[in-house]
Each structure stands twice: as structure tokens, then as C-alpha cells.
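A look at the structure
Residues per chain are reported as follows:
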Amino acid sequence: MILFNTTFHVHKNADTAFRQWISHTYIPAALESGLLSSPLFTRIMIETDPEAKSYALQFTAQSEHDVEMWRNGIAADHLHALSARHGESVLHFSTLMEILQP
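Residues numbered from 1 in each chain as written. Predicted model: local features only at pLDDT ≥ 70, side-chain atom pairs only at ≥ 80, totals over all residues. Heavy atoms only, no water.

Attention now goes to the pairing of strand E3 (residues 52-61). Of all 10 residues making up E3, eight are buried, and the element is well covered by its neighbours. As judged from the six bridges shared by strand E2 (residues 37-44) and E3, these two strands associate in the antiparallel manner. Paired with leucine 40 across the strands is glutamine 58, a residue of E3. (Buried < 20%, exposed > 50% of the residue type's maximum accessible area, 1.4 Å probe, protein only. Helix = DSSP H or I, 4+ residues; strand = E, 2+ residues; numbered from the N terminus. Pairing = 2+ DSSP bridges.)

Here it is, written out as C-alpha cells:
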């Protein structure tokens, strides 16, 4: 089992729109794809920038292949649209982790 984490760094001027996008667009698209499950959206409590907030979005996947199918397909389109709308006000990076124990 794979844990797929994407961390987002969001400037305060984009925060409300970003949170709506995550909840109403990105998470539903991930679940509808059938490639990812069990979403967990969290705010990172350690502040590194007083003008921004950081968030982590985690999903589980059956395999690395499923994550790559998501990342190179639907997710790429959604993240491109996010970047086109907000530019550098919303930055992100992803990490894949192998779940060793439940």
C-alpha cells in the first residue's frame, strides 16, 4: 500500500479559493478516478511564513503505478489549472511513501 502526500504552500490571498478547490474539485476528481482513496486534508501547524499557510493532502493507493497514472493524467491537468489561476501564490510538491504497518 502506498501513501501519496502532496504538500501545498498557499499565500493568504489565495487561501479561501484554494481550500474550496481542494474540497470541491481536486479531492472529488481523485476519488472518482478510482486510483486513490482515503483522503486526509490537513493544515500544517508549524508556520514558516507569516503570509502563507501550508497544507498536506494524503491519499492511499494500491500501487506506485496507480499514483503515477493519477499524477500524469487528471492531476496534471488540475494542478496546471491551479498554477495558471494562482501562479506562485500556491506551490506544491509530492511524496510517495510505502506503508509498512497499518
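Having seen the structure, we can now continue with the description.
Turning our eyes to something else, we now look at the packing of helix H1 (residues 15-33) against helix H3 (residues 74-86). Contact geometry of H1 with H3 gives a least axis separation of 10 Å together with a crossing angle of 170°. As summarised for this structure, H1 and H3 are arranged roughly antiparallel, according to the angle between their axes. Regarding H1 and H3, the two cross each other, and that crossing is right-handed. Along its contact with H1, which presents Ala17, Phe18, Trp21, Thr25, Tyr26, Ala29 and Ser33, the element H3 presents Ile74, Ala75, His78, Leu79, Leu82, Arg85 and His86. (Axes fitted to C-alpha atoms, helices over the stretch in contact; angles between N-to-C directions. Parallel < 35°, antiparallel > 145°, perpendicular 65-115°, else oblique. Left-handed = near helix turned anticlockwise from the far one by under 90°. Contact = heavy atoms within 4.5 Å.)

A few words on H3. The end-to-end C-alpha distance of H3 is 19 Å, a good match for the 18 Å that 13 residues give at a rise of 1.5 Å each. Within H3, burial applies to Ala75, Leu79, Leu82 and His86. Down the axis of H3, the sector holding all buried residues measures 55°, keeping them to one side. Turned more than 90 degrees away from the buried face of H3, the exposed residues are Asp77, His80, Ala84 and Arg85. On its buried side, H3 packs onto strand E1 (2-11), H1, helix H2 (64-72) and strand E4 (90-98). Glycine 87, located one to two residues past H3, shows a positive phi value of around 55°. (Expected span 1.5 Å × (residues − 1). Arc of directions from axis to C-beta.)

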